[in-house]
Amino acid sequence: MRDELINRFTSYVKVDTQSNEDNLVCPSTPGQLTLARQLVEELEAIGMEDISLDDNGYVMATLPGNTVKDVPVIGFLAHLDTATDFSGANVQPQILESYDGGDILLNEPGDIVLSPRDFPELSHYKGHTLITTDGTSLLGADDKAGIAEIMTAMNYLIQHPEIKHGTIRVAFTPDEEIGRGPDRFDVDAFGAEFAYTVDGGPLGELEYESFNAAAAKVTCKGVSVHPGSAKGKMVNSAKIAMEFHAMLPAAEAPEYTDGYDGFYHLSSIQGDVEQTRLHYIIRDFDREQFEARKAKMQSIAEELKAKYGPERINLDLRDQYYNMREKIEPVIDIVNVAAEVMKELKIEPIITPIRGGTDGSQLSYMGLPTPNLFAGGENFHGKFEYISVNSMIKATEVIVGIIRKFEERAQS
């Protein structure tokens with residue numbers, strides 16, 4: 001299992017699947033289809049059935065049940081794309097056996113070091129086999145680790161037919177990182193009663209609460225005039241944008257929040273005197289506070305329109321997904337089973353709210369309750385991303401354990 005996980009994962013991360021929110025086709029980048037086709041070949045090779053790849057890059061496959069018991073159809077999902085925050089091109093994974101607990105030199109020419117001084121959680125991984133970046137890209141453990149773990153778990157069950165199980169459905173989806181993963185996902189065709197995304201972080205994470213989420217694009221328009229003759233003529237869009245941002249609560253940003261705190265996050269800003277664009281994400285676990293955050297953005301836009309003119313500000317505000325807790329609590333047993341399996345594997349379940357996106361948020365509202373399991377990575381979306389192979393093994397064992405547990409509990 002160990003070598004299979006390493007080989008699959010290091011193969012997947014070398015495919016550039018970074019998504020692109022500015023491209024409205026699905027998938028938003030061709031690399032996602034490249035990886036999807038590779039996965040279809042691997043699914044065929046291990047003996048999965050009903051394998052499909054549609055034009056939008058959604059891969060689905062079936063492991064038929066081998067038990068006479070009435071077991072619900074269970075799904076497992078992971079996403080193909082990597083984040084837009086940092087380069088996903090030319091990923092060169094580095095394998096470090098028996099990590100000694102000290103600094104890890106990722107890139108000697110750039111003097112890029114992964115250090116427990118900066119990332120104290122590294123101390124938990126002493127003795128583990130780690131896979132890191134080379135300091136020039138992200139790694140892609142989010143979520144290619146999940147893909148590798150699902151694939152390895154399916155192969156394990158096929159190679160061990162003595163393990164009884166119901167019908168299992170797997171799916172690999174595009175464009176999760178830009179919030180469009182479930183947009184064209186066919187829940188009816190998938191045919192599962194419930195599912196799990198394998199898209200979480202460190203060992204033991206088990207999540208069934210997510211943010212309510214929205215995206216906001218603020219476009220500020222100005223008038224560019226030579227600064228030597230600009231008096232009474234120039235309107236500096238960059239200054240209007242700065243004013244807009246300054247009107248948001250400064251402490252309600254990601255770098256100052258955790259737990260159940262919500263936030264406004266300025267993810268990018270581009271512009272000049274003539275036009276400036278601000279891109280935000282808005283997050284809150286509480287629905288009323290979420291709506292209040294959106295109303296705050298709208299009120300700021302209206303105030304600045306009154307000050308500078310309605311043509312100077314445009315706010316494009318779009319909901320992305322909602323807290324999936326509402327849809328999972330009625331079937332909370334699917335969370336309890338996962339926690340029980342973890343405990344049997346000597347893993348302490350860490351049941352926390354997801355402070356990030358997951359396809360499960362939208363899928364749960366589409367009729368497929370989908371909590372999230374850990375995949376084992378740390379420091380997602382950047383050059384200091386890494387993953388423990390030991391944790392990947394445990395994640396694979398949890399997938400197999402959940403499948404076994406539901407079969408054991410089912411009636412003949």
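Owing to the predicted nature of the structure, the values given are computational and were not obtained by experimental measurement.

Participant: Even after reading the chapter, I still don't get the packing of helix 1 (residues 2-13) against helix 10 (residues 389-409), so can you show me in this structure?
Facilitator: Between helix 1 and helix 10, the least distance of the axes is 10 Å, while the angle of their chain directions is 105°. When the axis of helix 1 is compared with that of helix 10, the two are roughly perpendicular. Together, Arg-2, Leu-5, Ile-6 and Phe-9 of helix 1 and Val-389, Met-392, Ile-393 and Thr-396 of helix 10 make up the contact between the two elements. Partitioning the contact of helix 1 with helix 10 into residue classes produces six nonpolar, one polar and one charged.

Participant: Looking at this structure, I do not really get empty space enclosed by the protein. What am I missing?
Facilitator: Any empty space left between the atoms is revealed when a probe the size of a water molecule rolls over them. In total, this model carries one cavity of 30 Å³ or more according to the counting rule given. Considering only enclosed or pocket space, the largest cavity measures out at about 40 Å³ in volume. As for the largest cavity, its lining consists of Leu-77, Ala-78, His-79, Asp-143, Thr-173, Glu-176, Thr-197, Asp-199, Thr-358 and Asp-359. Where the lining of the largest cavity is concerned, the elements lending two or more residues are strand 3 (74-79) and strand 9 (194-200).

Participant: Help me understand helix 5 (residues 237-246) in this model?
Facilitator: What sets the pattern is the α-helix's 3.6 residues per turn: residues three or four places apart point alike. For helix 5, the complete set of buried residues consists of Ser-237, Ile-240, Ala-241 and Phe-244. Mapping the buried residues of helix 5 onto a view down its axis gives an arc of 100°, with all of them on the same face. Seen from the open side of helix 5, the exposed residues pointing more than 90 degrees away from its buried face are Lys-239, Met-242 and Ala-246. Close packing links the buried residues of helix 5 with strand 11 (212-221), strand 13 (275-284), helix 6 (287-308) and strand 14 (313-321). Between the side-chain oxygen at the start of helix 5 and the backbone nitrogen of Ala-238 there is a gap of 3.0 Å, and the oxygen is on Asn-236.

Definitions and limits used
Residues numbered from 1 in each chain as written. Predicted model: local features only at pLDDT ≥ 70, side-chain atom pairs only at ≥ 80, totals over all residues. Heavy atoms only, no water. Axes fitted to C-alpha atoms, helices over the stretch in contact; angles between N-to-C directions. Helix = DSSP H or I, 4+ residues; strand = E, 2+ residues; numbered from the N terminus. Parallel < 35°, antiparallel > 145°, perpendicular 65-115°, else oblique. Contact = heavy atoms within 4.5 Å. Nonpolar A, V, L, I, M, F, W, Y, C, P; charged D, E, K, R; others polar. 1 Å grid on protein atoms, 1.4 Å probe; cavity = no way out; pocket = protein on both sides within 12 Å on 5 of 7 lines; lining within 4 Å. Points joined across faces, edges and corners; volume = space filled by probe spheres on them. Buried < 20%, exposed > 50% of the residue type's maximum accessible area, 1.4 Å probe, protein only. Arc of directions from axis to C-beta. Polar contact = N/O pair within 3.5 Å; in protein donor to acceptor, adjacent residues only side chain to side chain.

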